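Notes for the structure review
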Amino acid sequence: MEVQLLFKIAAIGILVAVLHQVLVKAGREDQAMMTTLTGLVIVLAMVVKEISNLFNTVKTLFNL
Amino acid sequence: MEIVQIIGIAFVATFIVVLLRQYKPEYTIHISIIAGIIIFGLVVFKLSAIIELLQTLSNKLGVNAKFFAILIKITGIAYLSEFAVNICKDSGESAIAAKVELGSKILIVSMSIPILGALLDTMASILP
């Protein structure tokens, strides 16, 4: 499951990069910025979920 | 065998970071965080086995259980703060990394006060 997450984030990053270029070339800078922001928010949501998992395991492991 | 997995994941993550850095540098931090979490997830069971072994050893040797718990807590804090410090340094924010380091040092010292107290008591009892 985990490595798949790595590839998912890489795919989102590349997709947003391509979309950004396409939209910029099409003259819609604001929409390009919007797609970058939404891509970032999606990736951030995934990463925050994984970070909370990490904190829980460390908390139970080291009984912090 | 896990070492091959760890090295594989590290290379894949590094390759993705290098690829993404020229297009969208904002995503590189997320990739390194996720790679760190995955690698930690691989070795977390061995770590808990080690901690249980140390627990049984310390009970056998008669070490005060409270001190051992504090030691384990301190290792946990040290690991987490090192994780955060390196992530901040990778993304170029060494000032934030220094603040995290300062905070973790203060937390560790404040947690080890009872141990220092017990040490002083034993020394006082030994000295005439």
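Here the structure is a predicted model, which is why all the values come from computation and not from measurement.

Reading guide: rules and limits
- Residues numbered from 1 in each chain as written.
- Chains lettered and ligands numbered in written order.
- Predicted model: local features only at pLDDT ≥ 70, side-chain atom pairs only at ≥ 80, totals over all residues.
- Heavy atoms only, no water.
- Helix = DSSP H or I, 4+ residues; strand = E, 2+ residues; numbered from the N terminus.
- Rg over C-alpha atoms; globule rule 2.2 N^0.38 Å.
- Buried < 20%, exposed > 50% of the residue type's maximum accessible area, 1.4 Å probe, protein only.
- Contact = heavy atoms within 4.5 Å.
- Domains from an automatic or database assignment.
- Buried area = accessible area lost by both parts, 1.4 Å probe.
- Salt bridge = Lys/Arg side-chain N within 4 Å of Asp/Glu carboxyl O.
- Polar contact = N/O pair within 3.5 Å; in protein donor to acceptor, adjacent residues only side chain to side chain.
- Nonpolar A, V, L, I, M, F, W, Y, C, P; charged D, E, K, R; others polar.
- Phe/Tyr/Trp six-rings, centres within 6.5 Å; stacked < 30°, edge-to-face > 60°.
- Axes fitted to C-alpha atoms, helices over the stretch in contact; angles between N-to-C directions.
- Parallel < 35°, antiparallel > 145°, perpendicular 65-115°, else oblique.

Turning our eyes to something else, we now look at the overall build of chain B. The helix and strand tally for chain B stands at five helices and zero strands. Its helices and strands in sequence order give chain B the pattern α-α-α-α-α, from N to C terminus. Taken over the C-alpha trace, chain B has a radius of gyration of 20 Å; the compact-globule value for 128 residues is 14 Å, which it surpasses by more than 25%. When its C-alpha atoms are laid out on the principal axes, chain B stretches across 70 × 40 × 15 Å. By the burial criterion, 29% of the 128 residues in chain B qualify as buried. Sequence-distant contacts, at least 24 apart, represent 56% of the contacts inside chain B between residues at least 6 apart.

All names here are of chain B. Partitioning chain B into domains gives domain 1 (1-63) and domain 2 (64-128). The gap between the C-alpha centroids of domain 1 and domain 2 is 21 Å. Tallying the contact residues gives twelve residues for domain 1 and eight residues for domain 2. For the pair domain 1 and domain 2, the two sides together bury roughly 830 Å², of which 77% comes from carbon and sulfur. Inspection of the region where domain 1 meets domain 2 yields zero salt bridges.

Attention shifts here to the interface of chain B and chain A. Taken together, the contacts link 30 residues of chain B with 29 residues of chain A. When chain B packs against chain A, the two sides together hide about 2600 Å² of surface, and 88% of this comes from carbon and sulfur. Per-residue buried area on chain B facing chain A is highest for Y27, H30 and I34 of chain B; these three make up 24% of the total on that side. Run the count over chain B and chain A and you get one residue pair in polar contact (both at pLDDT 80 or more). For the side of chain B that touches chain A, the secondary structure elements donating two or more residues are α1 (2-21), α2 (26-61) and α3 (65-90) of chain B. Residue composition of the side of chain B that touches chain A, by class: 23 nonpolar, four polar and three charged.

Once that is clear, we can look at the packing of aromatic side chains. Residues and elements named next belong to chain B. One pass over the full model with this rule turns up two aromatic pairs over all chains. Where F40 meets Y79, the ring centres are 4.8 Å apart and the plane angle is 20°; that geometry is what we call stacked. In this pair, F40 is assigned in helix α2 and Y79 in helix α3, connecting sequence segments 39 residues apart. The exposure class of Y79 is partly exposed, given its relative accessible area of 21%.

As a further point, take the environment of I42 of chain A. Residues and elements named next belong to chain A. Relative to the helices and strands, I42 resides in helix α2 (residues 29-61). Relative accessible area serves as the criterion here: at 47%, I42 is assigned to the partly exposed category. For the pair I42 and I12, spaced 30 residues apart in sequence, the C-alpha to C-alpha distance is 8.7 Å.

Take the packing of helix α1 (residues 2-25) of chain A against α1 of chain B next. Two elements in contact, α1 of chain A and α1 of chain B, have axes whose closest approach is 11 Å; the angle formed by their N-to-C orientations is 10°. Judged on the interaxial angle alone, α1 of chain B and α1 of chain A are roughly parallel. Residues V3, L6, F7, A10, G13 and I14 of chain A of α1 of chain A lie in contact with α1 of chain B, whose contacting residues are I9, V12, A13, I16, L19 and L20 of chain B. The residue inventory of the contact of α1 of chain A with α1 of chain B, partitioned by class, reads eleven nonpolar, one polar and no charged.

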